[in-house]
Amino acid sequence: MQEKPPAPGTPATAPTERREFLKQGCAACLGLAAVGAPVAVGVRVLLDPLHRSGGSDAFVKVTTIDSLPEDGTPVQFPVLADKRDAWTKFTQVPVGAVFLQRQGARQPLALSVVCPHAGCFVDYLEDQESFLCPCHNSFFKKDGSLKDEQSPSPRRLDTLDVEVRNKTEVWVRFQDFQLGITEKIPIA
Ligand code: FES
């Protein structure tokens, strides 16, 4: 059966129907916003589950200057820090590692263990006094500079800011840097 056309002067859609439609639209938008914010936080935590609570400017105590070999041989130390995700705080969990070596009696040099090419961890070869990245064979000298210009790494090993505090404590500003580029740019 054919629907009757609206009477002359009657709008095609009644005002109450339009109001209902707008109300439902607003409710849907608010619902999306309410769900979207926690999802965004969750995704960030998933991508960086041990999100650094101290931020990239935070120095962490790694060891003491007396534990570094006097002959300047680099030694790898774990880096421990307090972390917090969206729900829980973790204290002194491993967040990475750093190579430390003496450059003077009381002056340490801190190098990232992360190869700037694609992020593999480098090893220190004592017999060759060099760092080697096992993934694509980038070679670095003991001070972290490139040993072989043909190495795929676009830059030297990244140095990290380091301070000696209270005469013996070695504190490092633990940071990650962008990979695959010649510039050393911290990841915020
Ligand atoms: S990741 Fe180190 S050489 Fe490729």
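Being a predicted model, the structure only gives us computed values, none of them experimental.

> Could you give an account of the sheet that holds strand β6 (residues 130–133), with specific residues and numbers?
The strand order across the open sheet built from three strands is β5-β6-β7, with neighbouring strands paired in antiparallel fashion. Lying at the two open borders of the sheet, with one neighbouring strand each, are β5 (123–125) and β7 (138–141). Taken over all neighbouring pairs, the strand axes of this sheet differ in orientation by 30° on average, direction set aside. Where β5 lies against β6, three bridges are found, and the strand directions are antiparallel. Across the sheet, the residue bridging to L125 is S130, located in β6.

> So what's going on with the pairing of β6? Residues and values would help.
Side chains of β6 alternate between two faces, with S130 and L132 and F131 and C133 buried alike. Counting the residues that bridge the hairpin from β5 to β6 gives four residues, and of these E129 lies at a positive phi of roughly 45°. Sheet analysis places β6 next to β7, joined by four bridges and oriented antiparallel. Bridge assignment links L132 to a residue of β7, and that residue is F139. Where β6 folds back on β7, the antiparallel hairpin that results is connected by four residues, among which N137 adopts a positive phi of roughly 60°.

> Kindly report on the state of the cysteines, identifying the contributing residues and their values.
On inspection of all chains with the given rule, the structure shows one disulfide. The partner cysteine of C120 in its disulfide is C135, sulfur to sulfur 1.9 Å. Taking the torsion about the sulfur-sulfur bond, which here is approximately -95°, the covalent link between C120 and C135 counts as left-handed. Of this pair, C120 sits in the loop between β4 (108–112) and β5 while C135 sits in the loop between β6 and β7, and the two are 15 residues apart along the sequence.

> Describe a negative patch on the surface, with residues and values.
Together, E70, D71, E126, D127 and E129 make up a negatively charged patch on the protein surface. Tracing the chain through its elements places E126 in the loop between β5 and β6. Since its relative accessible area comes to 57%, E126 is described here as exposed.

> Describe in detail the packing of aromatic side chains, supporting the description with residues and values.
Across all of its chains, the model carries two aromatic pairs by this definition. Here F99 and F131 contribute two aromatic rings whose centre-to-centre distance is 4.9 Å and whose plane-to-plane angle is 65°, an arrangement assigned as edge-to-face. Here F99 is found in strand β3 (residues 89–102), whereas its partner F131 is found in strand β6, with 32 residues between them in sequence. Each member of the pair, F99 as well as F131, is classed as buried. The structure contains a cluster of three or more aromatic residues connected by ring pairs, namely F99, Y124 and F131. The cationic tip of R165 hangs over the ring face of F59; the distance from NZ or CZ to the ring centre is 5.1 Å.

> Give me the environment of N137: which residues, what numbers.
As for its position among the elements, N137 is in the loop between β6 and β7. Along the chain, N137 and D148 lie 11 residues apart, while their C-alpha atoms are 9.8 Å from each other. N137 has contacts with L132, S151 and P152, leaving out every residue within four places of it along the chain.

> Please set out the pattern of salt bridges residue by residue, giving values where relevant.
Tallied over the entire structure, the rule returns five salt bridges. Here E169 and K61 are joined by a salt bridge, their closest N and O atoms 4.0 Å apart. A residue pair is termed long-range when its members are at least 10 positions apart, and E169 in strand β10 (residues 169–173) and K61 in strand β1 (residues 59–64) qualify at 108 residues. On the basis of relative accessibility, which here comes to 18%, the residue E169 falls in the buried class.

> How would you summarise the sheet that holds β10 if you had to cite specific residues and measurements?
Spatially, β1-β10-β9 is the arrangement adopted by the three strands of the open sheet, whose pairing is antiparallel. The open sheet has two edge strands, β1 and β9 (162–165), and neither has a second partner. Across this sheet, the average inter-strand angle for adjacent strands is 30°, counted without regard to direction. In this sheet, β10 lies alongside β1 in antiparallel orientation, the contact comprising five bridges.

Thresholds applied
- Residues numbered from 1 in each chain as written.
- Predicted model: local features only at pLDDT ≥ 70, side-chain atom pairs only at ≥ 80, totals over all residues.
- Heavy atoms only, no water.
- Pairing = 2+ DSSP bridges.
- Helix = DSSP H or I, 4+ residues; strand = E, 2+ residues; numbered from the N terminus.
- Axes fitted to C-alpha atoms, helices over the stretch in contact; angles between N-to-C directions.
- Buried < 20%, exposed > 50% of the residue type's maximum accessible area, 1.4 Å probe, protein only.
- Disulfide = S-S within 2.5 Å.
- Patch = residues over 30% accessible without salt bridge, like charges linked within 9 Å, V, L, I, M, F, W, Y side chains within 5 Å.
- Areas by Shrake-Rupley, 256 points an atom, 1.4 Å probe, with all protein chains shown as cover.
- Salt bridge = Lys/Arg side-chain N within 4 Å of Asp/Glu carboxyl O.
- Lys, Arg positive; Asp, Glu negative; His and termini not counted.
- Charge placed at Lys NZ, Arg CZ, Asp CG, Glu CD.
- Phe/Tyr/Trp six-rings, centres within 6.5 Å; stacked < 30°, edge-to-face > 60°.
- Lys NZ or Arg CZ within 6 Å of the ring centre and 35° of its normal.
- Contact = heavy atoms within 4.5 Å.

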